[in-house]
Amino acid sequence: MLSAVLFPGTAGGTAVPDSGGDRGGRLGIRLLDAPVIRKNDPRARTYVVDHLAPGTTIMRRLVVSNMSAIRKRIEMYPAAARIDHNRFVFMSGRTPNELTTWISLDHSVVDLAPRGSAVVKTTIRLPKTAWRGEQYAVIWAQEGVEPTASHRLGAINRVGIRVYLDVGPGGEPPSDFQIESLTPSRDPAGSPQIVAQVRNTGGRALDMSGRLSLSEGPGGLKAGPFPASVGVTLAPGDAAPVKVLLDEHMPAGPWKVRLTLASGLVKRTVTATLTFPDSGIGKPQEMGFHPSLPVLLAVLTALASATVLLWVRRRYRSRVGAR
């Protein structure tokens, strides 16, 4: 079992809402702890994000809260999720996948008093035959009545915690991404926006967030920071646009743009000088390739090894030729 760190000051809230009606108030769910090695990772404070070897077992605690004035009976269960079209998509109902068969909860039902809360312990137990790769699920807290064959109408209110679990021996695959280009444009309503094309160059899924600031605009104007659109999740190797919508009254420019995007502890910052078009899409500015430190070290190591090997071969040939 792997050790975890307590987050006593972590703010509550809904990690993955799926509301079909309030029914007297909201539900809340949050993580109470996370791996010690991820104590500084903001994603690990919100989601279950881990890398485990086959045969490993971990436990995590969740706090479920009834933020209403009435008593509620809450059902707890895991269900399947996937990354589809650069979105983290949770499957309908209690759809299972391989990961959900490894997840168990110490309470399948909790009875919560008004404004009350309860701690639910979840165990993830990997079989020794678990296959390598990253899998996704959601641990749900749900109240309400699901539709049935005889009763077509139902009212469901559920909130959940995402699970990103990578399986494999040895160390965790690195997380990394590249901001490939920035494009000034205007949305259908005419408001200016910046579209960043982002590619996941690592081995783990990424949830993108960030902010953009503008400076050196007409008359020395400054603006921002503006938040990047949320909801973009990139599987390894995938690329997608991340948009930043700006104030509709902003001058066309030119502007010096500074964009910082992040997923967990991985951050990338790019700058460019852009002018917004009168309508539609402007000219994209390529950012070029800026390798991360691990990639750069790997390249330098390979070059050094090749140089040493070439030197040894030349020495050997010169000695053979002198005989």
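As a reminder, the structure under discussion sits directly above these lines.
Residues numbered from 1 in each chain as written. Predicted model: local features only at pLDDT ≥ 70, side-chain atom pairs only at ≥ 80, totals over all residues. Heavy atoms only, no water.

## Here we look at the pattern of salt bridges
Applicable threshold: Should a side-chain nitrogen of Lys or Arg be within 4 Å of a carboxyl oxygen of Asp or Glu, the pair is scored as a salt bridge. Each helix corresponds to a stretch of at least 4 residues labelled H or I by DSSP, and each strand to a stretch of at least 2 residues labelled E; elements are numbered beginning at the N terminus. To sort residues, take the accessible area from a 1.4 Å probe on protein chains only and compare it with the maximum for the residue type: under 20% means buried, over 50% means exposed, and anything in between is partly exposed.
Tallied over the full model, the rule gives 13 salt bridges. For Arg162, the salt bridge identified is with Asp207, shortest N-O distance 3.1 Å. Linking Arg162 in strand 13 (residues 155–167) with Asp207 in strand 16 (residues 206–207), this pair joins segments that are 45 residues apart in sequence. In this structure, Arg162 and Asp207 share a single accessibility class: buried.

## What about the side chain of Lys72?
Spelled out, the test is: For this analysis, a polar contact is any N or O atom pair within 3.5 Å, provided that within protein one partner can donate a hydrogen and the other can accept it, and provided that sequence-adjacent residues contribute only side-chain to side-chain pairs.
The residue Lys72 is located in strand 7 (residues 72–84) in this model. Classification of Lys72 by relative accessible area gives buried; the value is 2%. Looking at Lys72, its side chain comes within polar contact range of the side chain of Glu143, at 3.4 Å.

## Some details on the pairing of strand 14 (residues 177–186)
We apply this condition: For two strands to count as paired, DSSP must find a minimum of two bridges between them.
For strand 14, the buried fraction is high: nine of the 10 residues fall into the buried class. In this sheet, strand 15 (residues 192–200) lies alongside strand 14 in antiparallel orientation, the contact comprising nine bridges. Across the sheet, residue Arg186 finds its bridge partner in strand 15, namely Pro192. Taking the residues that link successive antiparallel strands as the turn, the strand 14-strand 15 hairpin has five residues, and the phi of Gly190 there is positive, at about 95 degrees. Here strand 14 runs beside strand 23 (residues 285–286); their pairing, made up of two bridges, is antiparallel. Bridge pairing in strand 23 links Ser181 to Glu286.

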